[in-house]
Structure formats: C-alpha cells, structure tokens
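# Residue-level structural notes
Below are the chains, spelled out letter by letter.
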Amino acid sequence: MSAPATEREKTGVFSPGRARILVRTLREDRWWLSPLLTAVGLSAFVIYATVRSFVRTAYWVEDYHYLTPFYSPCLSESCVPGSSHFGTPFPELPMIIPLGFVVLPFLLGFRLTCYYYRKAYYRSFWFSPPACAVAEPHSKYSGETKLPLIIQNAHRYFFYAAVIVSLINTYDALTAFHAKGGGFGIGLGNVILIGNVILLWVYTISCHSCRHVTGGRLKHFSAHPIRYRIWTQVSKLNARHMQYAWITLGTLVLTDFYIMMVSSGTISDLRFIG
Ligand code: FES
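First, a word on scope: everything that follows refers to the structure included in this document. (Residues numbered from 1 in each chain as written. Predicted model: local features only at pLDDT ≥ 70, side-chain atom pairs only at ≥ 80, totals over all residues. Heavy atoms only, no water.)

### Quick look at the side chain of Ser124
Tracing the backbone through its elements, the reader meets Ser124 in helix H4 (residues 115-124). Side-chain polar atoms of Ser124 contact the backbone oxygen of Ala120, separated by 2.6 Å. Sequence-distant contacts of Ser124, defined by excluding residues within four places in its chain, comprise Pro35, Thr38 and Ala39. (Helix = DSSP H or I, 4+ residues; strand = E, 2+ residues; numbered from the N terminus. Polar contact = N/O pair within 3.5 Å; in protein donor to acceptor, adjacent residues only side chain to side chain. Contact = heavy atoms within 4.5 Å.)

And the structure:
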C-alpha cells in the first residue's frame, strides 16, 4: 500500500537523512525479472495444489497402491477404500474440506514461514522491497514484530511437523512397492514417489531450523564432535535450500500429476516388476 505523498516525504526511503534520489531505482538491469518469475511460479503451484486438494478424484491407484502426497494421510471415511494407511478416525467430510486436511495446514505453514519463501514472496508479492536498491512502495516497516508476521517465528515448530509429514510420505512411498493382485512390484510410479520423498527430506533437512537444531546454542563445537559433523552436513545442504524449495514444488506436482494420470486411466504405469 502506498503512503500519501505528504507522508511519503517523511518516511521509508524518503526519510530525512536518506539520499535524495528522485527515481525509484538507479538500477538499469532487468531487476524485475526475478520477482516476476517467482510470482508466476508460486502462483502456478498454489493454484494447482489448491485445485487438486479439493477435487477428490484420481488420487489413489488401487492396483499399485500409489497415493498422491496431497491426500496423505487420508484419514476420513470419504477416502476411497485402500487409501487410508492409518485408518479412518474422521467421518465423511463435506467437499469444502480437503481430504488431506490434517497435514495441509502444517505443510502450508512450513512453506509459508520458510526463510527462503519469505524472501521470495516479500519481494514478489509485497514489493518489500522488490529487489536490492529498488525503493519499496510501503511507508512503514515493522518487520516481523507484529501480527500477522510475528507468526513467522513459529517456523521451528512447523519444522518438527514437516519431519512427521516426511515420515508419512516415506511410509506411503515404501507401501507403493506393490504389484497388481498382491506381492512386490516396481513401476515408474515408484521411481517418482521415491525421488519425491528423497527430495522432500533434503528440503526439510536443509531447513535453517534444522541447522539450528543440530548445531545451534553450542559454545564449543570441539566438545560436541557428532553434532558438529551433522551440522556441517546440514549446512552444506542449507547452502542450496532455495534450489530444493523449488525442486520439491516441481516433484510434488510431478508426483501428483503422474498418479492422477494413472489413476484416471489416461496412461498406464510403466512396470518393471510385477
Ligand atoms: Fe526453509 Fe526452514 S524450510 S528455512
């Protein structure tokens, strides 16, 4: 939200003491390209995930026990038979409630409060600021000290929830080594499910909160050699956290899309065994 012109003259980059630059930025490169691509990419994922989470079709492949991550765990009596790996403690649900309702808020919270995504959507959607050395349209800045942004501090708790969800996704991926009619089987769906779950673990473990959990609050690394080793490995992954954030959005969509195509009978699963 832009401030009135008179107010703008006293606040933000127009405050007394700031350099008197009359244009919004002196940058001449295409600084707007990165926030634009980010906005397009994030919007596309949110639209796809929202539609798929609500449609309640083609999320389970009975023959091979493939379950899309958007519906896992499926804990309601509305779930198609076989897709509820952990029982159905909840009754039939109206269509306005997604069948993955138990974990979706935690996954959403984990991604929304992620340090990388914060940077991404602060720049792309709130223009706060849109890029380095580009003035933002807002007149005031309260950071993450007030509601709703103070909730960003809950990221460490969402991290623990994400670990549990990753365990559930791992269980789903392992359960899916199933042949038509019973027994052990492997198909392209298994490769996609396992690849997705590995990358979800990599994204989760590369989280800044995980880095703190493993090596934070230590005064002397030399006194904690195991934690130091783990922290070192997590830190290496952490350096690529942004890439994993994007890759996992892609693998989630790919996994769901493939299962949707097989489940709906549009394509057949490519089978290697069983
Ligand atoms: Fe991105 Fe934790 S998941 S910082």
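Having seen it, we continue.
### Topic: the environment of Pro94
Mapped onto the secondary structure, Pro94 falls in the loop between strand S2 (66-67) and helix H3 (104-112). Along the backbone, Pro94 and Arg52 are 42 residues apart, and their C-alpha atoms lie at a distance of 16 Å.

### Remarks on the packing of aromatic side chains
Applying the stated criterion across every chain yields a total of 17 aromatic pairs. Each ring, one from Phe110 and one from Tyr203, has its centre 5.7 Å from the other, and the planes form 70°; the classification is edge-to-face. In this pair, Phe110 sits in helix H3 while Tyr203 sits in helix H6 (residues 188-205), placing the two residues 93 residues apart along the sequence. Phe110 gets classed as buried once you look at its relative accessible area, which sits at 3%. Tyr203 sits in the buried class, given a relative accessible area of 1%. Here Phe177 and Phe184 contribute two aromatic rings whose centre-to-centre distance is 5.9 Å and whose plane-to-plane angle is 10°, an arrangement assigned as stacked. The exposure class of Phe184 is exposed, given its relative accessible area of 52%. Among the aromatic residues, those joined into a cluster by ring pairs are Phe110, Tyr116, Tyr117 and Tyr203. Its guanidinium or amino end placed over the ring of Tyr115, Arg118 lies 4.6 Å from that ring's centre, counting from NZ or CZ. (Phe/Tyr/Trp six-rings, centres within 6.5 Å; stacked < 30°, edge-to-face > 60°. Buried < 20%, exposed > 50% of the residue type's maximum accessible area, 1.4 Å probe, protein only. Lys NZ or Arg CZ within 6 Å of the ring centre and 35° of its normal.)

### Structural notes on helix H9 (residues 241-263)
With 23 residues, H9 extends 32 Å between its outermost C-alpha atoms, agreeing within 8% with the 33 Å of an ideal straight helix rising 1.5 Å per residue. Just beyond H9, the residue with positive phi is Gly265, at close to 85°. (Expected span 1.5 Å × (residues − 1).)

### Considerations on the state of the cysteines
Summed over the entire model, instances satisfying the criterion amount to 1 disulfide. Here Cys74 connects covalently by a disulfide to Cys79, the sulfurs 2.2 Å from one another. Classification of the bridge connecting Cys74 and Cys79 rests on its S-S torsion, roughly -95°, and on that basis the disulfide is left-handed. In this structure Cys74 comes out as buried when scored by relative accessible area, which is 1%. A relative accessible area of 8% places Cys79 in the buried class. (Disulfide = S-S within 2.5 Å.)

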